[in-house]
Amino acid sequence: MYTYFALQRIFFILLIFTWSMETVVAQNGGISISGKVAESEGGEGIPFATIILKTKADTTFIKGTISNEEGLFVLTELNAGTYFLELSSLGFQTKYVAILIGQMSAYQNAGNIFLTRMTEQLDEIVVNAQRDEVNAGLNKKTYSIEDNLSQSGGSVLQAVSNLPGVTISQEGKMQLRGSERIMVLIDGQQSALTGYDGQKGLDNIPASAIDRIEVINNPSSRYESNGNAGIINIILKKSGREGLHGSVGLSLGVGALWEKRENLPAVGMQFRDTPKFNPSFSMNYKKNNTNLFLQADYLYQQTLNKNEFSTRNYEDGTTILQQIRRNRTTGLPTAKVGIDHGFSPNDLLTISGFYSQEIIDDRGYNPYFLNDLNNRFRLWQFIEDEVKYTAAANASYTHKFPQAGHTIGLIYNYSFHREDEKYFFTNSQANFSGTDAFALISDESIHDFGLDYQKPVRQGHLEAGLKMRFRTIPVNMQFMPGLNSQIDANAGGWADYYENIPAAYTNYIYEQADFDVEAGLRVEYVWVDYKVNPDHNTYKSDGYRYFQPFPSLRFTYKMGPSNRLSVFYNRRVDRPNEVDIRIFPKYDEPELIKVGNPSLKPQFTNTIEAGFKHLMENGNFYAAAYHKMIDGTIVRIATRVDDSRLLYNVFQNAGKSTNTGLEVVWQWDAVKILSINSNINVYRNIIQPFSVINLYPSPSPFNSAKQSFTSGNIKVNFKAKFSKNFESQLTAIYLAKDILPQGSIGPRFSVDGGLKWSIQKGKGALLLNATDLFNTLKIQTYINGNDFTMESTNYLETQVIRMGYQFKF
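Every chain's residues receive numbers from 1 upward, in the order its sequence appears when written. Side-chain atom pairs in this predicted model are given and counted only at pLDDT of 80 or more, local residue features only at pLDDT of at least 70, and totals for whole chains, interfaces and linings cover all residues. Side-chain calculation: all heavy atoms of the structure are included, whereas hydrogens and water are not.

1. Thoughts on the overall build of the protein
Consideration 1: Scanning the protein from N- to C-terminus turns up three helices and 44 strands.
Consideration 2: For the protein, the spread of C-alpha atoms along the principal axes amounts to about 100 × 60 × 45 Å.
Consideration 3: Relative to its full complement of 809 residues, the protein shows a buried share of 55%.
Consideration 4: Any two residues having at least one pair of non-hydrogen atoms within 4.5 Å are treated as being in contact. Contacts spanning at least 24 positions in sequence make up 67% of the contacts within the protein whose residues lie at least 6 apart.
Consideration 5: Accessible surface is estimated by sampling points in the Shrake-Rupley manner with a 1.4 Å probe; for residues, cover comes only from the protein chains shown. Of the roughly 34,000 Å² that the protein leaves accessible, carbon and sulfur atoms contribute 59%. Labels follow the DSSP assignment, with helices taken as runs of H or I lasting at least four residues and strands as runs of E lasting at least two, numbered in each case from the N terminus. For every residue, the accessible area (1.4 Å probe, protein chains only) is compared with the maximum for its type, and the residue is labelled buried under 20%, exposed over 50%, or partly exposed between those bounds.

2. Structural notes on the sheet that holds strand β30 (residues 634–640)
Consideration 1: Taken together, three strands build an open sheet; the order of strands is β27-β31-β30 and the sheet is mixed. The open sheet has two edge strands, β27 (592–595) and β30, and neither has a second partner. This sheet shows a mean twist of 30° between the axes of neighbouring strands, independent of strand direction.
Consideration 2: A pair of strands counts as paired when DSSP detects no fewer than two bridges linking them. The pairing of β27 with strand β31 (residues 647–653) spans four bridges and is parallel. To get an axis, fit a line to the C-alpha atoms, keeping to the stretch in contact for a helix; angles then go from 0 to 180 degrees between the N-to-C directions.

3. Some thoughts on the sheet that holds strand β13 (residues 230–236)
Adjacent strands of a sheet form backbone hydrogen bonds with each other and so pair up, either parallel or antiparallel.
Consideration 1: The strand order across the open sheet built from four strands is β8-β12-β13-β11, with neighbouring strands paired in mixed fashion. The sheet terminates laterally at β8 (140–144) and β11 (182–186), the two strands that pair on one side only. Averaged over all adjacent pairs, the angle separating strand axes in this sheet is 15°, with direction ignored.
Consideration 2: Pairing geometry for β11 and β13, over five bridges, is parallel. Across the sheet, I182 pairs through a bridge with G230, a residue of β13.

4. Some points on the pattern of salt bridges
Consideration 1: When a carboxyl oxygen of Asp or Glu is within 4 Å of a side-chain nitrogen of Lys or Arg, the pair counts as a salt bridge. Scanning the model with the defined rule gives 40 salt bridges in all.
Consideration 2: Here R469 makes a salt bridge to D448, at a shortest N to O gap of 2.8 Å. Separated by 21 residues along the polypeptide, R469 in strand β22 (residues 460–480) and D448 in strand β21 (residues 432–457) bring together distant segments of the chain. Both residues of the pair, R469 and D448, belong to the buried class.
Consideration 3: Between R545 and D529 there is a salt bridge, with the nearest N and O atoms lying 3.1 Å from each other. A residue pair is termed long-range when its members are at least 10 positions apart, and R545 in strand β25 (residues 542–558) and D529 in strand β24 (residues 515–532) qualify at 16 residues.
Consideration 4: The network of salt bridges with common partners includes E511, D516, E518, R554, K558 and R564.

5. Describing the side chain of K306
Consideration 1: Here K306 shows up in strand β16 (residues 290–314).
Consideration 2: Other than its neighbours up to four places away in sequence, K306 contacts I324, R325, R326, E589, N794 and L796.

6. Description of a negative patch on the surface
Consideration 1: Excluding any residue in a salt bridge, patches collect residues exceeding 30% relative accessible area, merging like charges within 9 Å and nonpolar Val, Leu, Ile, Met, Phe, Trp and Tyr side chains within 5 Å. Positive charges are assigned to Lys and Arg, negative charges to Asp and Glu, while His and the chain termini are left out of the count. Taken as the charge location is NZ of Lys, CZ of Arg, CG of Asp or CD of Glu. A grouping of E315, D316, D642 and D643 is seen on the molecular surface, where their side chains present a negatively charged patch.
Consideration 2: Structurally, the position occupied by D643 is in the loop between β30 and β31.

7. A closer look at the confidence of the model for the protein
Consideration 1: pLDDT is a per-residue confidence score from the predictor, ranging from 0 to 100. When the pLDDT values of the protein are averaged, the result is 87; 91% of them are 70 or greater.
Consideration 2: Note on residues 1–5: pLDDT is under 50 here. Beyond four places in sequence and across chains, it has four contacts.
Consideration 3: Low pLDDT, under 50, characterises residues 120–131; the stretch is placed with 14 contacts to residues that sit more than four places away or in other chains.

8. Brief notes about the environment of H614
Consideration 1: Relative to the elements of secondary structure, H614 occurs in strand β28 (residues 603–616).
Consideration 2: A relative accessible area of 26% places H614 in the partly exposed class.
Consideration 3: Sequence separation between H614 and F73 is 541 residues; the distance between their C-alpha atoms is 23 Å.
Consideration 4: Ignoring anything within four residues of it in the chain, the contact list for H614 reads S562, N563, N620 and F621.

9. Brief notes about the pairing of strand β35 (residues 700–704)
Consideration 1: Residues of β35 alternate between two faces, with S700, F702 and S704 buried on one and P701 and N703 left unburied on the opposite face.
Consideration 2: With five bridges connecting them, strand β34 (residues 690–694) and β35 associate as antiparallel partners. Across the sheet, F690 pairs through a bridge with S704, a residue of β35.
Consideration 3: Hairpin connection, β34 to β35: the antiparallel pair is bridged by five residues.

10. Some words on the packing of aromatic side chains
Consideration 1: For Phe, Tyr and Trp, rings pair up if their centres lie within 6.5 Å, where Trp contributes its six-membered ring, and each pair is then called stacked (planes under 30 degrees apart), edge-to-face (over 60) or tilted (otherwise). The tally for this structure, following the rule as stated, stands at 29 aromatic pairs.
Consideration 2: Judged by centre distance (6.4 Å) and plane angle (70°), the ring pair of Y546 and F550 falls under edge-to-face. Accessibility classification places Y546 together with F550 in one group, the buried group.
Consideration 3: An aromatic cluster of three or more residues is present, and its members are W380, F382, Y423, F425, F438, F479 and Y587.
Consideration 4: In this scheme, Lys NZ or Arg CZ marks a charge over a ring once it lies within 6 Å of the ring centre and within 35 degrees of the ring normal. Of note, R222 hangs over the ring of Y223, and the distance from its end group to the ring centre comes to 4.7 Å.
Consideration 5: Between the NZ or CZ atom of R378 and the centre of the ring of Y368, over which it lies, the distance is 6.0 Å.

11. Let's talk about the side chain of H406
Consideration 1: Mapped onto the fold, H406 is located in the loop between β19 (376–400) and β20 (407–429).
Consideration 2: At 2.7 Å, the side chain of H406 and the side chain of Y453 are in polar contact.
Consideration 3: Apart from residues no more than four positions distant in its own chain, H406 is found in contact with H399, K400, F401, Y453, Q454, K455 and P456. Side-chain atoms alone can form a polar contact between residues adjacent in sequence; in general such a contact is a pair of N or O atoms within 3.5 Å, and within protein one must be able to donate a hydrogen while the other accepts it.

12. Structural notes on the environment of E384
Consideration 1: In this fold, E384 is placed in strand β19.
Consideration 2: Taking the C-alpha atoms as reference, E384 lies 48 Å from G45; in sequence the two are 339 residues apart.
Consideration 3: The contact partners of E384, leaving out residues within four places of it in the chain, are R328, I360, D361, D362, E421, K422 and Y423.
Consideration 4: A distance of 3.2 Å separates polar atoms of two side chains, one belonging to E384 and the other to Y423.

13. Structural notes on a nonpolar patch on the surface
Consideration 1: On the surface, L250, L252, F277, W757, L766, L768, I801 and M803 cluster together into a nonpolar patch covering about 670 Å² of accessible area.
Consideration 2: For F277, the position within the fold is in strand β15 (residues 274–287).
Consideration 3: Overall, F277 belongs to the partly exposed group, its relative accessible area being 35%.

Below, the structure written as structure tokens:
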């Protein structure tokens, strides 16, 4: 019943919004002509092709434009007459098409115009054209994984660490402009593999499966509203060329080449000389109207996942010295297979399936010392045996109307993700040794239904759609305490998460010669219930509802062919991840226990931004100033209970905060062989005063005064092409000291490098790269609680050397 009334309200609001925009459009005059530039073989759209309209009589220039990323173009404000179109693109033969613009229709369609690749030579012609990273609307940056030489052969998380504007947090999550509240998409859709309300698994997705990565700081309303920092869209490899095409690759690596810091007394050996192994295979076979595609990868790696040394000081004078050492071994096979089939030139059905199985073996060794290293009072050892299964099925149907760019599509996505997690603990103290264990099963199921409609209209483009999501996550945790156990067996049992989200959106782009406007509205009704077993000793069932609008607006002023100025506004939300509200304590660190909070509520963010892009003869310059206003800020707070030395880390809503900053991206072709790409991001975070109470295991208040800090990061990429077949890349990254909800994180610095040799007439490549070349990266944090402080330095594995081979066929 809730869902039915929510859909009625959503439909009514969008009907009014769409009608008002169409009324504005109808008041403008002139004739528009649209079309699509495509390859003659395969019909794949050609992005950034040049389209020029000239008079037939004397070839006078009338108007020009470029095609978008799908090959679509629109010319507006035209008069009736006889003309011809001149179409050209790098690597294709120029084509001339006669065209008559009549007076009977304000909207005219040039249809699909096919360009033929140049074939003047018998040998294969390899065209190397660098994609303009920042798009025309200044709201999206696109980066090719193949161009990222210093991170090839690693994981997605490692690959994005070199991208401008992207950093990695102390917990191994991606950050945009200092925030990890990012929505991660795979091929434009959310997935259980990467998380629906947060990030997960990115350190174990092989980068070899990725074609490119899109960074969207200001998403339009057609995207889901989650993620206040923006969207990272991971595009998997897929080709639409006729015939059989693909690639094979193999990457081998080794990490932890030497010890950054030696262990505390009597601690087991840290992982050293850790092996990495990543074979990959991708294939496309297209014949006529059918395209088969396959992507398969296997990533095996050992890592020194955590090696943290900490000192805790309490008000009574007690000092605890500790080390958290975690040796991790993972194996991850992934495969995606699918088919595109065109029943007609205007009807396309795509069906695909995805499967992965991540096997994790963690060996933890955590010693604790009282006041000095001669008095060890506890040794906590654990083995984690975990398997994560992910399976997904996707089906989409697209119908193309006669007008180019006029489409309607139906989408269905199903995802299943299982966590099968077991921990086995040995708790050794002065007068006893006990064994504990727990086992957790979590089965996440998601059904997504979508309807998307697109239509070129006079001087613009209209988009609208509906979305429905059904999501369930039943979780069962069983604790098995041993002798003198600190495990809270009464905090186990079952908990079930239910989420229903009906949503609808409309988005309109209006373009003139010297400006364009994009305005959109997304409305969502969110219904979340979290059912907790009645025997839990602290938490009760909870949840939340909201019906909210999420508008977006972009205005771009074109100051000649070389300069663009854009102004943005959007409203977004960050819903708590199920893990953030999960009621079960985790004991991999027995004196810093993490537990969820089922009373956690979403945080809402309003963002305003202004961006400027300048094209130069030998590069481009982009700058953006932004301000985010966040209500219900989600933070993690550590407190202690009574006189216990144990700390409990719980998510809370801290109230209001702001994030204000300036981002600059500068790409410069310094000389013929050298290109420099630099990125600077400076921001100021402010968290207003707040008070919260951690309920688990018993009420413990925490009060914080206003916190503010200015931080930032700098990245510089040097890419040198010494010859047609040999190129190199060097990346330097500096992250300044930054604020945490209860303290700060120290500065970090690293240098990555890579080499690439093209062989076999450009079809093969040899690669050599190193991350954290000088082994300088470490993570220092300082936490200030009500009656304790904790200083930590994590010397985790960051230096990895890889070599690999790739072959395209």
